[in-house]
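Each chain, letter by letter, is given below.
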Amino acid sequence: MATFLALTNSVLARLNEVQLTSSNFSAARGIQIQAQNAVNESIRFINQREFNYPFNHSAKTETLVPGSVRYSIPTDAKHVDYNTFRIVKDDNVNSGGTSLAILQYNEYIDRFVEQEDEIVSTTLAEELDATETEIDVASSTGFDSAGTIFIENEQITYTGISTNTFTGCTRGANGTTAATHSTSTSVAQFERGGVPTHVVRTPDNNFLLYPFPNKVYSLKYDYFTFSSDLSTSTDTPTIPDRFSPVIVDGATAFVYQYRGETQQYQLNFSRFEQGIKNIQSLLVNKYEYVRATYIPQTSRTVSDLITRV
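Just so it is clear, the structure is predicted and the values come from calculations on it, not from any experiment.

Turning our attention to the packing of aromatic side chains. Overall, the coordinates contain 20 aromatic pairs when judged by the stated rule. An angle of 45° between the planes, with centres 5.5 Å apart, marks the rings of Phe45 and Phe272 as tilted. One end of the pair, Phe45, is in helix 2 (residues 31-48); the other, Phe272, is in helix 5 (residues 262-283), and 227 residues separate them in sequence. The class of Phe45 is partly exposed, set by a relative accessible area of 24%. Residue Phe272 is classed as buried on the basis of its relative accessible area of 0%. Aromatic pair Phe143 and Phe166: ring centres 5.2 Å apart, planes at 75°, arrangement edge-to-face.

Time to look at the sheet that holds strand 14 (residues 207-210). Read from one edge of the open sheet, four strands run 2-14-13-5, paired in mixed fashion. Of all the strands in the sheet, the pair left with one neighbour each is strand 2 (70-71) and strand 5 (101-102). Two strands pair when backbone bridges link them, and strand 2 and strand 14 are joined in this way by two bridges, in the antiparallel orientation. Paired with Tyr71 across the bridge in strand 14 is Phe207.

What follows deals with the environment of Ala251. Turning to its location among the elements, Ala251 is positioned in helix 4 (residues 244-259). Classification of Ala251 by relative accessible area gives buried; the value is 0%. The spatial distance from the C-alpha of Ala251 to the C-alpha of Phe269 is 8.9 Å, given a sequence separation of 18 residues.

Pairing in this open sheet of three strands is antiparallel, and the strands run 7-11-10 from one edge to the other. On the outer flanks of this sheet lie strand 7 (135-136) and strand 10 (160-162), each paired with one strand and no other. Bridge analysis of strand 10 against strand 11 (residues 165-167) gives three bridges, and the strand direction is antiparallel. In the sheet register, Ser162 faces strand 11, and the bridge partner there is Thr165.

Scoring rules and cut-offs
- Residues numbered from 1 in each chain as written.
- Predicted model: local features only at pLDDT ≥ 70, side-chain atom pairs only at ≥ 80, totals over all residues.
- Heavy atoms only, no water.
- Phe/Tyr/Trp six-rings, centres within 6.5 Å; stacked < 30°, edge-to-face > 60°.
- Helix = DSSP H or I, 4+ residues; strand = E, 2+ residues; numbered from the N terminus.
- Buried < 20%, exposed > 50% of the residue type's maximum accessible area, 1.4 Å probe, protein only.
- Pairing = 2+ DSSP bridges.

In structure tokens:
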């Protein structure tokens with residue numbers, strides 16, 4: 001795989017400049033620093049030209065929280081494929097593998113947003129073992145004076161509240177299993193909920209679920225990442241090695257641009273753009289084979305017509 005050092009030296013070689021070594025890479029000066037910067041600029045340019053490069057593909061498995069509606073996408077996500085959202089099959093929570101339909105945010109607000117008003121939530125104030133019958137939480141505001149709470153896959157009934165402590169608790173209620181829970185684990189109370197069937201992209205580019213989960217389901221989806229800039233001499237780009245010449249074409253063009261050498265910049269940038277188009281054609285575009293289904297009638301000879309007469 002081409003390293004940051006190798007890519008930088010390829011650019012310097014085209015410019016007939018002194019190349020770097022692993023020992024002096026971090027002490028680069030002048031044109032050498034420009035070459036390093038240009039390599040990163042070239043990689044960024046390639047990645048910004050396409051959302052769905054397979055070499056930037058990643059998958060996220062989100063552990064859902066009972067009573068939690070809204071979730072954040074990964075910080076390195078450039079593009080999330082909402083058509084890939086699915087609940088992972090898990091016999092422990094009686095969920096079969098199923099895909100989620102996409103629901104528009106405006107429609108969610110018009111029809112289903114009231115689900116969020118039915119949820120009261122807080123967090124555990126301390127670790128909870130499987131036998132405790134008094135549960136300390138950060139706040140009991142909004143909870144019923146007696147009822148049922150959800151902590152991960154366990155349901156717990158309680159008969160009273162003393163300040164921020166649920167009292168008279170029955171662990172593992174409603175056929176669930178008493179378990180140990182860590183400090184700061186979500187504690188929720190709600191009436192509805194279930195296995196999510198819809199995903200909604202929110203205006204802040206995160207997502208929410210309808211209905212909200214009532215158990216710890218696993219949600220999986222595909223997304224494409226932003227690639228980080230190369231830094232050390234041994235760093236390698238996510239772009240496949242066979243496309244290293246395209247990176248070098250772009251980096252060389254950008255160095256000429258830094259220098260104000262317009263003609264050389266245009267020549268190298270034109271080759272760079274053609275290289276990007278080739279990457280897109282090879283890795284992203286799909287050329288479907290189309291076969292005609294029209295069946296032409298066979299031509300009739302004169303003798304056929306005479307016979308019919």
